[in-house]
Amino acid sequence: MSIVHVTGKARRWLASGHPWVYRDDVAEVAAEPGDLARVVDPTGALLGHAFFSARSRIALRFVTRGEARPDRAFFDGRIRAAIAVRERAGLLDPRGACRLIAGDADLLPGFVLDRYGSTLVTQCGTLAADRNRDAFVELARAALPFEIECVYDKSDSASRRLEGLEQHVEVVDGALPQGLVVHEDGLDYAVDVVHGHKTGHYLDQRDNRTRAAEFARGVDVLDAFSYDGLFGVRAALAGAKSVLCVDQSKEALERAAANAERNGVLDRMKFERANCMHDLRARAERGEQYGLVIVDPPAFAKSRREVQGAERGYVELNRRAFTLLAPGGMLVSASCSFNVRAADFQSHLSRAAHKAGRSAWLTEFRGAGADHPVLLTLPETSYLKCAFVRVD
Ligand code: SAH
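Note that the structure is a prediction, hence the values are computed from the model and not measured.

Draft legend 1. Spatial organisation of the overall build of the protein. Assigned secondary structure in the protein consists of 9 helices and 20 strands. Overall size of the protein, expressed as C-alpha extent along the three principal axes, is 70 × 45 × 35 Å. In the protein, buried positions account for 54% of the 392 residues. Contacts in the protein between residues far apart in sequence, at least 24 positions, make up 62% of those at least 6 positions apart. Taking the average place of the 53 positive charges on the side chains of the protein and the average place of its 53 negative ones, the gap between the two points comes to 5 Å.

Draft legend 2. The arrangement of the side chain of Ser53 in detail. Looking at where Ser53 falls in the secondary structure, it is placed in the loop between β5 (46-52) and β6 (58-65). Residue Ser53 is classed as buried on the basis of its relative accessible area, which comes to 9%. Reaching out from Ser53, the side chain makes a polar contact with the side chain of Glu163 at a distance of 2.9 Å. Contact partners of Ser53, with chain neighbours within four places excluded, come to Ile58, Ala59, Thr126 and Glu163.

Draft legend 3. How the structure looks around the packing of helix α7 (residues 276-285) against helix α8 (residues 307-323). Interhelical geometry of α7 versus α8 gives an angle of 35° and a closest axis separation of 9 Å. For the pair α7 and α8, the crossing hand works out as left-handed. Every residue of α8 that contacts α7 at Met277, His278, Leu280, Arg281 and Ala284 is listed here: Gly313, Leu317, Arg320, Ala321 and Thr323. Of the residues that constitute the contact of α7 with α8, the class distribution is 5 nonpolar, 3 polar and 2 charged.

Draft legend 4. Here's a closer look at the site of the ligand. Taken together, 16 residues are adjacent to the ligand, and Arg209, Asp247, Gln248, Cys276 and Asp296 come closest. Contacts to the ligand include Arg209, whose side-chain N or O atom sits 2.7 Å from an oxygen atom. One of the side-chain N or O atoms of Asp247 is found 2.7 Å from an oxygen atom in the ligand. The fraction of the free accessible surface of the ligand (590 Å²) that becomes covered by protein chains is 92%. Looking at side-chain class alone, the shell around the ligand contains 7 nonpolar, 6 polar and 3 charged residues.

Draft legend 5. Quick look at the sheet that holds strand β11 (residues 168-173). Read across the sheet, 5 strands follow the order β7-β8-β9-β10-β11 without closing on themselves; strand pairing throughout is mixed. In this open sheet, the two strands that pair with only one neighbour each are β7 (97-102) and β11. The mean inter-strand angle of the sheet, taken between neighbouring strand axes irrespective of direction, is 20°. Both β7 and strand β8 (residues 111-116) contribute to a ladder of 5 bridges, which runs antiparallel. Across the sheet, residue Ala97 finds its bridge partner in β8, namely Tyr116. Contacting β8, β9 (119-124), β10 (150-155) and β11, helix α3 (residues 127-143) crosses the sheet at an angle of about 155° to β9.

Draft legend 6. Structural context of the pairing of β10. Within β10, 6 of the 6 residues are buried, which leaves the element mostly enclosed by the surrounding structure. Covered by surrounding structure in β10 are Cys150, Tyr152 and Lys154 together with Val151, Asp153 and Ser155, the residues of both alternating faces. Bridge analysis of β9 against β10 gives 4 bridges, and the strand direction is parallel. Across the sheet, residue Leu120 finds its bridge partner in β10, namely Val151. What joins β9 to β10 is α3, and the crossover it makes is right-handed. Note: β10 against β11, 5 bridges, orientation antiparallel. Along β11, the bridge assignment pairs Asp153 with Glu170.

Quick notes on the rules
Residues numbered from 1 in each chain as written. Predicted model: local features only at pLDDT ≥ 70, side-chain atom pairs only at ≥ 80, totals over all residues. Heavy atoms only, no water. Helix = DSSP H or I, 4+ residues; strand = E, 2+ residues; numbered from the N terminus. Buried < 20%, exposed > 50% of the residue type's maximum accessible area, 1.4 Å probe, protein only. Contact = heavy atoms within 4.5 Å. Lys, Arg positive; Asp, Glu negative; His and termini not counted. Charge placed at Lys NZ, Arg CZ, Asp CG, Glu CD. Polar contact = N/O pair within 3.5 Å; in protein donor to acceptor, adjacent residues only side chain to side chain. Axes fitted to C-alpha atoms, helices over the stretch in contact; angles between N-to-C directions. Left-handed = near helix turned anticlockwise from the far one by under 90°. Nonpolar A, V, L, I, M, F, W, Y, C, P; charged D, E, K, R; others polar. Near = heavy atom within 4 Å. Areas by Shrake-Rupley, 256 points an atom, 1.4 Å probe, with all protein chains shown as cover. Pairing = 2+ DSSP bridges. Right-handed = clockwise from strand over helix to strand, strands pointing away.

Encoded structure:
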C-alpha cells in the first residue's frame, strides 16, 4: 500500500484547511508517482488520502481527509456533484458549453473536463490525473443527460512541466467535430478545440461578457485582447453602435469575424491586428473615445517573480484604457494572474485612473462563472478578476 509520511509542519498546514502539501514537508515516501497514497503524520496518525507527485513542488493533493479510502463509487459521487452544480447553474444545454470539472476546485485534483456541445475536452495537470483520465471521463459520460460523441485529451498546458510531464494530446474517442458551433443565450460561436487557447475557448468569462454587454447599447465599444471576439459580439448583439476588436493573433481575429457574421452583426464590427499595449496608446494619442472599453489581457504575472513587472503592465494598460473612455463611459478590466490578488488589482486600477486624470467608481468586482468555482481553502482557485469601473 502507498504511504507518504509528512512533517509536523505539514500537519499544521493541513489543519488550516489547505489541501496541498509541498515537497519540503514530506518526510518519507513509500509510494509511486501518481498513486493515491495514505498520508500519515509524524505520530503515525492517518490524515487522509492524497494524489502523490514525485516531481512537483506540490507533492500531495488531498482527495479526502480521514479514514475512508476513495474508490470508484466515491469518485462517481464527486463527479456527479460537480455536474449537478453546472446543471443548477443552467449550463447543461446540450448545444452549450461549460467547464464540467474544474480540477482541484471541484475536489478532483489536476483533472479538468470541458464540454462543447457533444465534445468533451480533458486537460490533465498531474500524473494521477493522466492515470485516472479514462475512468473519470467514463463516469462523467454516464452522469451527463446527453450523448457524448468525441473525447479529446488536450493536456498541453505549460504547468505540466512543473510536474515533470510531457505535453500530451490525442483523440481518445470518436472523431473531432468539423465546424463545432456552441449556442449560448442567443449567441452562436465557433470553437476550435485543437488550435484554440486553453481547451478551445475562455469559458470563464461567459457571465462577464453578458454583463459587459449591458453597457453597450448605443455606444462605440473597444474590445482589446479580444481573442475570438465574444465580448465584442455580445456587445454588438446588445445594440452597440460600433465594435472594434483588437488582438495580436490573426487566427483569433478570423474566428472573431466569423463569429460576428454568424450572429448577424458583422456590419457594425471591425477587427484590427495589433499589439494592444502600443495600439491603445496610439488610439489615446489620436483622441479616440469609446463608451465601453474592455481589456482582457493574458496573465502578466505567471509566477510570483513577475508580480512587479505585472503591476507596471496593468497600470499602464489601464491608464490608456481610461484615457480612451468617453465621459460617463465604462471600463471592464480583467486580470487572470493568480499572483495578482484582488486588492492589488484594485490598487493598480486606482493608480491607472488617477494617472489618466479621471475620477472612477468601482461599480462591480466579479470573478469567473459558476463552472469555475473558488474553493475557499484553496486560494489558488481564485484567479480571475473582472472590474467594472465607471468614469466621470
Ligand atoms: N477576451 C477573450 C479572451 C482574451 S485571451 C474572451 O473573452 O474570450 C487574451 C488574448 O490576448 C489572446 O487572444 C491573445 O492572442 C491576445 N494577446 C496577448 N498579448 C497581446 C498583445 N500584446 N496585444 C494584443 N493581443 C494580445
